[in-house]
Structure formats: structure tokens, C-alpha cells
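Listed below, chain by chain, are the residues.
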Amino acid sequence: MEHLDDATRTELEAAAFRRLVKHLDEHKEVQNIDLMILADFCRNCLSKWLVSAAEERDADLDYEVAREYVYGMPYAEWKKHHQQEATPEQLAALEARQAKKQEKA
């Protein structure tokens, strides 16, 4: 993508990000803990990355506003309707993933 000018590359990256957010919204059955286990990021991470990007550009973006954008609704509502209790297996898998990360650090 180095052959693209900065504006075009930024537009493509933004479009891909919006598509990722839309895809996650269309697949609410995918739990954040599953994302963390498999990919080491979740919807909350995306929200935090948005806030961080805003801070780097001296733009004001509240974390809860970013979360509402990523979740497509207030987080408390999403959690009430879509978040399931983590199973012991999920918690163990997440703990194992975190332990591996610590070993590499």
C-alpha cells in the first residue's frame, strides 16, 4: 500500500475499520473474551485505540462515547443483552494466553 498517497491510504484504513466495527456488530454472539483469547483484542480495545488516536491528534473523545460507537449502543445495554458469563474454560484459556504474553515479555 506504499504506492498510495497518504489521504487515500487513510481513507482505506478508515473504511476497513468501519467494516470491522460493522462486522462485530453483526456478530454480537462473538464474545469479547473469545476475541481476547484468539486475537488478543476486543471491542473495548478498539474503543481504547480510538481514544488514543484522538489524544494523539489533540481531539477530545470520551471513552464511553468511543465504546458506544464500537458497540453500536451504550455499553451497559450491550452487556445486558449480549454479553454472556464467561465459562471456566474461557477464563482458563484467557489466563493461559496472558501467561504466554508474560513469558515473551
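Owing to the predicted nature of the structure, the values given are computational and were not obtained by experimental measurement.

With that settled, the discussion passes to the packing of aromatic side chains. Evaluation of the coordinates by the stated rule reveals three aromatic pairs. When the ring of Phe41 is compared with that of Trp49, the centres are 6.0 Å apart and the planes differ by 25°; the resulting orientation is stacked. When the ring of Tyr71 is compared with that of Trp78, the centres are 4.9 Å apart and the planes differ by 65°; the resulting orientation is edge-to-face. For the pair Tyr71 and Trp78, one class covers both residues: buried. A connected cluster of aromatic rings, assembled from ring pairs, spans Tyr71, Tyr75 and Trp78.

Among the nonpolar cores identified, the biggest contains eight residues, and these are Leu24, Leu35, Met36, Phe41, Cys42, Cys45, Leu46 and Val70. Only α2 (32–39) and α3 (43–56) provide two or more residues apiece to this core. The residues touching Val70, leaving out its near neighbours within four places in the chain, are Val21, Arg43, Leu46, Ser47 and Leu50.

On to the pattern of salt bridges. Per the stated rule, a full pass over the model turns up eight salt bridges. A salt bridge links Glu26 to Arg19, with the shortest nitrogen-to-oxygen separation between them at 3.8 Å. Look at Glu26 and you get partly exposed, because its relative accessible area is 42%. Judged by relative accessible area, Arg19 falls into the partly exposed class, the value being 41%. For Arg67, the salt bridge identified is with Glu64, shortest N-O distance 3.1 Å.

Scoring rules and cut-offs
- Residues numbered from 1 in each chain as written.
- Predicted model: local features only at pLDDT ≥ 70, side-chain atom pairs only at ≥ 80, totals over all residues.
- Heavy atoms only, no water.
- Phe/Tyr/Trp six-rings, centres within 6.5 Å; stacked < 30°, edge-to-face > 60°.
- Buried < 20%, exposed > 50% of the residue type's maximum accessible area, 1.4 Å probe, protein only.
- Core = buried A, V, L, I, M, F, W, Y, C linked by side-chain atoms within 4.5 Å.
- Helix = DSSP H or I, 4+ residues; strand = E, 2+ residues; numbered from the N terminus.
- Contact = heavy atoms within 4.5 Å.
- Salt bridge = Lys/Arg side-chain N within 4 Å of Asp/Glu carboxyl O.

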